[in-house]
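# Examining the three-dimensional arrangement
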Amino acid sequence: MKRLFNYLFTTEGKPKKGLLAVEWVVTGYLLLTLLLTLFMYTKVYNPESMIWGRFRVVMMTAALWAVYRMLPCRFTHFCRIGGQLALLSWWYPDTYELNRMLPNLDHHFAALEQTLFGCQHALTFAQQWDHPVWSELMHLGYASYYPMIGVVTLYYFFRCYQDFNRASFVILASFFIYYVIFIALPVTGPQYYYLAAGTDNIAQGIFPDVGSYFNQHQEALHMPGWEDGFFYHLVAGAHQAGERPTAAFPSSHVGVTTILMLLSWYSRSRRLFYCLLPLFLLMCLATVYIQAHYVIDVIAGWITGLLFFLALWYGYGKRG
């Protein structure tokens with residue numbers, strides 16, 4: 001216990017005076033979305049709440065910076081980064097608030113899925129693999145998303161502290177790049193589009209353009225799987241609390257977990273990597289199983305995850 005206390009609270013030799021890289025990323029995204037909110041002020045729902053929320057983020061960032069300056073140790077350093085990571089789910093609904101005015105593009109993506117694979121795997125996967133054990137494994141994989149982020153972040157904090165800032169920067173910057181894409185690319189994914197278009201149409205390979213339907217509607221298909229399962233209820237509850245018709249292409253769940261796997265490999269801990277690998281594989285399958293994504297979203301998640309990791313990991317190194 002004493003060793004842990006010393007690790008957390010021993011004063012850092014060279015405390016950073018300015019903002020951390022993750023705080024600069026948050027500031028940039030905050031300013032970008034603030035400008036968009038002001039530009040679309042009369043069309044955005046609850047713009048005052050969005051603006052006030054950003055003010056609170058600025059105040060939180062300033063407060064954590066001040067605490068770190070008074071007590072520059074690893075614990076207060078972690079609080080600065082952990083505070084920003086904890087807000088990622090708070091930022092997510094904004095992508096819907098800012099893209100809901102744009103015409104929906106799902107019909108293009110569903111049609112591409114049909115062209116490439118000859119079917120809609122999001123429509124058939126859960127029907128073909130409906131056993132309760134399989135269902136629970138899928139929902140376990142999907143529910144492991146934020147725990148995986150926490151495990152990798154904590155591993156770098158306790159075991160690879162020299163790269164803790166860099167790893168946190170890669171994770172958080174990747175999230176915000178995905179969020180910018182989601183704002184500009186209004187794709188909702190099968191769980192929303194199939195309901196709006198009609199599952200009979202989808203089964204026949206007909207993909208109507210629903211236009212601005214999602215500007216007013218947030219209804220989704222009932223989540224497939226074993227409804228009595230623990231992990232089913234965990235995922236269903238999370239979706240009811242915070243899911244929106246947005247953020248389908250590319251799959252940030254797949255992209256971010258791809259980045260987490262690369263970070264675990266770069267940490268040189270094969271134990272960490274192989275412990276996370278089954279959850280990663282289940283995650284990739286689960287996004288289609290629960291109808292959150294098309295298969296092309298998963299493929300795009302793999303590609304963008306790799307590209308974002310390489311650009312951000314080595315880009316951070318060049319900055320020193």
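Report follows, based on the coordinates. (Residues numbered from 1 in each chain as written. Predicted model: local features only at pLDDT ≥ 70, side-chain atom pairs only at ≥ 80, totals over all residues. Heavy atoms only, no water.)

## Focus: the packing of aromatic side chains
Any two aromatic rings considered together are summarised by their centre-to-centre distance and by the angle between their planes. Scanning all chains against the criterion turns up 39 aromatic pairs. Summarising the aromatic geometry, the rings of tryptophan 52 and phenylalanine 55 are spaced 5.1 Å apart at their centres and angled 20° between planes, so their arrangement reads as stacked. In this pair, tryptophan 52 and phenylalanine 55 are both assigned in helix α3 (residues 47-70), three residues apart and thus about one turn of the helix distant. For tryptophan 52, a relative accessible area of 48% translates into the label partly exposed. With a relative accessible area of 40%, phenylalanine 55 lands in the partly exposed category. Consider the rings of phenylalanine 78 and phenylalanine 157, whose centres lie 4.8 Å apart with planes at 50°: the pair is tilted. Residue phenylalanine 78 is found in helix α4 (residues 74-86), and its partner phenylalanine 157 is found in helix α10 (residues 145-159); the two are separated by 79 residues along the sequence. (Phe/Tyr/Trp six-rings, centres within 6.5 Å; stacked < 30°, edge-to-face > 60°. Helix = DSSP H or I, 4+ residues; strand = E, 2+ residues; numbered from the N terminus. Buried < 20%, exposed > 50% of the residue type's maximum accessible area, 1.4 Å probe, protein only.)

## A short note on the side chain of glutamate 243
Within the fold, glutamate 243 resides in the loop between α14 (230-242) and α15 (252-266). It turns out glutamate 243 is buried and unbridged, and the closest side chain with the opposite charge, arginine 244, is 7.1 Å from it. Here the side chain of glutamate 243 touches tyrosine 92 through a polar contact of 2.3 Å, side chain to side chain. (Lys, Arg positive; Asp, Glu negative; His and termini not counted. Salt bridge = Lys/Arg side-chain N within 4 Å of Asp/Glu carboxyl O. Polar contact = N/O pair within 3.5 Å; in protein donor to acceptor, adjacent residues only side chain to side chain.)

## Quick notes on α3
Helix length check: α3, at 24 residues, gives a terminal C-alpha distance of 35 Å against a target of 34 Å (1.5 Å per residue), a fit within 8%. Turning to α3, its buried residues number three or more, namely Pro47, Met50, Gly53, Arg54, Val57, Thr61 and Tyr68. Where α3 is buried, its residues contact α2 (21-39), α4, α5 (88-91) and α6 (93-99). (Expected span 1.5 Å × (residues − 1). Contact = heavy atoms within 4.5 Å.)

## Thoughts on unusual backbone geometry
Omega for the peptide link from phenylalanine 249 to proline 250 comes to -10°, which places this bond in the cis form. The backbone phi angle of asparagine 46 is positive, close to 55°, even though this residue is not glycine.

## Comments concerning the pattern of salt bridges
The tally for this structure, following the rule as stated, stands at three salt bridges. With a closest N to O distance of 2.8 Å, arginine 100 and glutamate 97 form a salt bridge. For arginine 100, a relative accessible area of 8% translates into the label buried.

## Brief notes about the nonpolar core
Counting residues in hydrophobic clusters, the biggest one holds 91 residues, and the most contacted among them are Trp91, Phe169, Phe176, Tyr179, Tyr193 and Leu263. Looking at this core element by element, the count peaks at 13 residues for helix α11 (residues 164-184). With near-sequence residues (within four places) excluded, tyrosine 179 lies in contact with Tyr29, Leu88, Trp91, Tyr92 and Thr95. (Core = buried A, V, L, I, M, F, W, Y, C linked by side-chain atoms within 4.5 Å.)

## Remarks on the state of the cysteines
Inspection of every chain in the model, using the stated rule, returns zero disulfides. Cysteine 73 carries a free sulfur, and the closest cysteine sulfur to it, the one in cysteine 79, is 8.1 Å from it. With no disulfide of its own, cysteine 119 has cysteine 284 as its nearest cysteine by sulfur position, at a separation of 18 Å. (Disulfide = S-S within 2.5 Å.)

## Observations concerning the packing of α3 against α4
Interaxial distance between α3 and α4 falls to 8 Å at its minimum, and their mutual angle equals 170°. In terms of orientation, α3 lies roughly antiparallel with respect to α4. Along this stretch, α3 crosses α4, giving a crossing that reads as left-handed. Packed against α3, whose contacting residues are Val57, Met60, Thr61, Leu64, Trp65, Val67 and Tyr68, the element α4 presents Thr76, His77, Cys79, Arg80, Gly83 and Gln84 at the interface. Along the lines of polarity and charge, the residues of the contact of α3 with α4 split into seven nonpolar, five polar and one charged. (Axes fitted to C-alpha atoms, helices over the stretch in contact; angles between N-to-C directions. Parallel < 35°, antiparallel > 145°, perpendicular 65-115°, else oblique. Left-handed = near helix turned anticlockwise from the far one by under 90°. Nonpolar A, V, L, I, M, F, W, Y, C, P; charged D, E, K, R; others polar.)

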